[in-house]
Amino acid sequence: MTDWKPLPGGLASDVRHLVAELRTLKDRAGLSLAILGGRTPYSKSSWERYLNGKALPPQHAVISLGKLADADPARLVALWELANTAWHDHRASDTDGARDADDGRDRPFEESAPVTERAPAAQAEEPPSVSRRFGRRQLIRTVVALAAVVGLSVSLYAVFGRHSGAHADRGGTVGKDAPTRQLDVNCFADSCAGKNPGQTGCGGDAWTAALYKVAGVYVELRYSDACKAAWSRISWGRPGDIARVVGEGGRTYQNKVHYDTDTFSAMVAAPSPSTAKACVLLTSGVHACTSPGGTQHLTEPPNPPTSVPPSVTAGPSQHSGGRDL
C-alpha cells in the first residue's frame, strides 16, 4: 500500500473524501502513478497533484480511475459533484482573489489548432442561493449513500450468491461468469476525428505504436483498436512544445504544453497504426516525427536521467525507427 502524504490542511471535507476514495481505488487496483499516466489521458504528474489534494481532478479522470479499479461510477460521480462544489465554494470565498495555479490545468485542447473541436463557452449565470446549494448537496449525498448500499448488496452477492450459483452449475457453466471488460467508447474511425481520446473513452485501450526521442523529448503515436483512431503524445517537454498527429490525407491536429512537461493531441481516424504518425514541434525550433505506427506494443517513455541536459539531442528509439523532419 502507498505511503501517502498528508493532505493539505485547508482542504474541504468533501474534497478530502473524494481524494481518500481515489487513493483507496489506486491501492486496491495496484496501480502506480506511471501506470495511471499510461492507461488514462492524464499524466503521471497530474495524478500526483490529484491524489495529493493539490488540484481537483476532472470528472473524467475520476471515472477513468474507477473503471481501472472496477468501482461504481455513479458513486464516484456523486463524490466528485460534492468535491467540485466544495472546491469552487472555497475558491469563491478567498478574499485575495488569488487563482490556484493548478485549477483547470488538465483541460486538454484549450489552445489547440483551429480545426480541433472546442467545448462551447459556458454562459454566465447568477450564483445559486445558499438554499439551492444545500438542497443539491443533500441530494448528492443521498445518491452516494444509496450507491454504497447497492455496492454492499453486490459485494454480498459476490460472496454468497456467486458461490451458490457455482455449486449449482457444476455441470460446466461456471466459466460463463468469468468477468469480461468492455470499453465504453462513443466514437469510431471518422467520428473520432478532432475529439479528445479521454472524453470519448478511446484512451482505455491505448498503446504506443511508434516512439521517437529528440532533444530530450519523447513523442509517441498512441493508438486505440476500439476506436480505430490515433493521436500524438509528448513527454518531458516544456511549456510551448507542441504535440501533433498526422493522419491520412494530411489531416492534422495538435495541442500545446501549457504547463508541466507533457500533453496530447486530438485524434485522427486511423484504420491501422501505419496510417498515422506523431510529431513534436519544440520551442527551440526542432521539428521531428515518428515513423508510421507499427504492430508492436512499445514500452512507454521512461523517466530520463536527470543528469542529461534537455538540450542534448538523442536518436530515435530502438523500437520506433523514427526520423527527423
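Here, the structure is the one placed above.
A quick note: this is a predicted structure, and the numbers were derived from the prediction, not measured.

Considerations on the overall build of the protein
Then comes step 1: Helices and strands together make up the secondary structure of the protein, namely 6 helices and 10 strands.
Then comes step 2: Considering the protein as a whole, with its 325 residues, one finds that 43% of them fall into the buried category.
Then comes step 3: Across the protein, every contact between residues at least 6 apart in sequence was considered, and the portion connecting residues at least 24 apart equals 62%.
Then comes step 4: For the protein, the exposed area adds up to about 17,500 Å²; of that, 55% sits on carbon and sulfur atoms.

Observations regarding unusual backbone geometry
Then comes step 1: At Ala 189, a residue that is not glycine, the phi angle is positive and equals roughly 55°.
Then comes step 2: Of note, Ala 189 is situated in the loop between helix H6 (130-168) and strand S1 (207-214).
Then comes step 3: Even without being glycine, Lys 228 reaches a positive phi, approximately 50°.
Then comes step 4: Residue classification places Lys 228 among the partly exposed residues on the basis of a relative accessible area of 27%.

As for the pairing of strand S4 (residues 242-246)
Then comes step 1: Of all 5 residues that make up S4, 4 are buried, and the element is covered over most of its length.
Then comes step 2: Across 5 bridges, the pairing between S4 and strand S5 (residues 252-256) is antiparallel. The partner of Val 246 across the bridge, within S5, is Thr 252.
Then comes step 3: Between the antiparallel neighbours S4 and S5 lie 5 residues, among them Gly 249 with a positive phi of about 70°.
Then comes step 4: The pairing of S4 with strand S8 (residues 277-281) spans 5 bridges and is antiparallel. Paired with Val 245 across the two strands is Ala 278, which belongs to S8.

Here's the deal with the pattern of salt bridges
Then comes step 1: Taken as a whole, this structure holds 5 salt bridges when the rule is applied.
Then comes step 2: For Arg 222, the salt bridge is made with Glu 300, and the minimal N-O distance between the two is 3.2 Å. Linking Arg 222 in strand S2 (residues 217-224) with Glu 300 in the loop between strand S9 (287-289) and strand S10 (323-324), this pair joins segments that are 78 residues apart in sequence.
Then comes step 3: By relative accessible area, Glu 300 is classed as partly exposed at 29%.
Then comes step 4: A salt bridge links Arg 233 to Glu 300; the nearest nitrogen and oxygen atoms lie 3.1 Å apart. Pair noted here: Arg 233 is in strand S3 (residues 229-235) and Glu 300 is in the loop between S9 and S10, with a separation of 67 residues, a long-range link.
Then comes step 5: Taking the relative accessible area as the measure of exposure, Arg 233 reaches 12% and is therefore buried.

Rules of the game
- Residues numbered from 1 in each chain as written.
- Predicted model: local features only at pLDDT ≥ 70, side-chain atom pairs only at ≥ 80, totals over all residues.
- Heavy atoms only, no water.
- Helix = DSSP H or I, 4+ residues; strand = E, 2+ residues; numbered from the N terminus.
- Buried < 20%, exposed > 50% of the residue type's maximum accessible area, 1.4 Å probe, protein only.
- Contact = heavy atoms within 4.5 Å.
- Areas by Shrake-Rupley, 256 points an atom, 1.4 Å probe, with all protein chains shown as cover.
- Pairing = 2+ DSSP bridges.
- Salt bridge = Lys/Arg side-chain N within 4 Å of Asp/Glu carboxyl O.

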